[in-house]
Amino acid sequence: MYIIALYFVVQSLEGYVISSYIQERVISMPPALLLIAQLVLGAGFGILGFLLAPALAASIMVQMLYMRDVLGEQVK
């Protein structure tokens, strides 16, 4: 039981804290945006939305940064 509890604690830390920190450092995504995306997509699409939320949020941020920095367009 201790091993199972330790596994879930480590997985939770990696999923919520470490991944959020890495994504914030790499593409300047605020951790709050990632959590909001997980909540919204998890509520709307269930576990699949929850699992895909970080990738979708990161791709949207990259597109917005590309439009702003490379193309020089105003992001709405």
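The shown structure was predicted, so the numbers you read here are calculated from the model rather than taken from an experiment.

Let us now look at the overall build of the protein chain. Helices and strands together make up the secondary structure of the protein chain, namely two helices and zero strands. In terms of overall dimensions, the protein chain is more spread out than a globule: its C-alpha atoms have a radius of gyration of 15 Å, far above the 11 Å expected for 76 residues. Roughly 6,000 Å² of accessible area belongs to the protein chain as shown, and the carbon and sulfur atoms make up 73% of that amount.

What follows covers a nonpolar patch on the surface. A contiguous nonpolar surface patch, about 850 Å² in accessible area, is contributed by Val9, Leu13, Tyr16, Val17, Ile18, Tyr21, Ile22, Val26 and Leu35. Among the elements that line the nonpolar patch, the one with the most residues is helix H1 (residues 2-27), at eight residues. Summarising the element assignment, Val26 is placed in helix H1. Given a relative accessible area of 63%, Val26 falls into the exposed group.

Between the first and last C-alpha of helix H2 (residues 31-69) there are merely 22 Å, a value that for 39 residues lags more than 12% behind the 57 Å anticipated at 1.5 Å per step. Of all the bends in H2, the largest measures some 150° and sits at Phe45. Regarding H2, the residues found buried are Leu34, Ala37, Gln38, Gly49, Ala53, Pro54, Ala57, Ala58 and Met61.

Let's shift gears to the nonpolar core. Grouped together as the largest cluster of nonpolar side chains are eight residues: Ile27, Met29, Leu34, Ala37, Ala53, Ala57, Ala58 and Met61. Among the elements that line this core, the one with the most residues is H2, at six residues.

Let us look at the packing of aromatic side chains. If you walk through the whole model with that rule in mind, you get one aromatic pair. Both rings, one in Tyr7 and one in Phe8, keep their centres 5.7 Å apart while their planes meet at 70°; by these two values the pair is edge-to-face. Since its relative accessible area comes to 52%, Phe8 is described here as exposed.

Another point: the environment of Ala53. Checked against the element boundaries, Ala53 lands in helix H2. According to the relative accessible area criterion, Ala53 is buried, its value standing at 0%. Between the alpha carbons of Ala53 and Tyr7 there is a distance of 22 Å; along the sequence they are 46 residues apart. The contacts of Ala53, once residues within four sequence positions are left out, are Ala37, Gln38 and Leu41.

Calculation rules
Residues numbered from 1 in each chain as written. Predicted model: local features only at pLDDT ≥ 70, side-chain atom pairs only at ≥ 80, totals over all residues. Heavy atoms only, no water. Helix = DSSP H or I, 4+ residues; strand = E, 2+ residues; numbered from the N terminus. Rg over C-alpha atoms; globule rule 2.2 N^0.38 Å. Areas by Shrake-Rupley, 256 points an atom, 1.4 Å probe, with all protein chains shown as cover. Patch = residues over 30% accessible without salt bridge, like charges linked within 9 Å, V, L, I, M, F, W, Y side chains within 5 Å. Salt bridge = Lys/Arg side-chain N within 4 Å of Asp/Glu carboxyl O. Buried < 20%, exposed > 50% of the residue type's maximum accessible area, 1.4 Å probe, protein only. Expected span 1.5 Å × (residues − 1). Bend = angle between axes of the 7 residues up to and from the residue. Core = buried A, V, L, I, M, F, W, Y, C linked by side-chain atoms within 4.5 Å. Phe/Tyr/Trp six-rings, centres within 6.5 Å; stacked < 30°, edge-to-face > 60°. Contact = heavy atoms within 4.5 Å.

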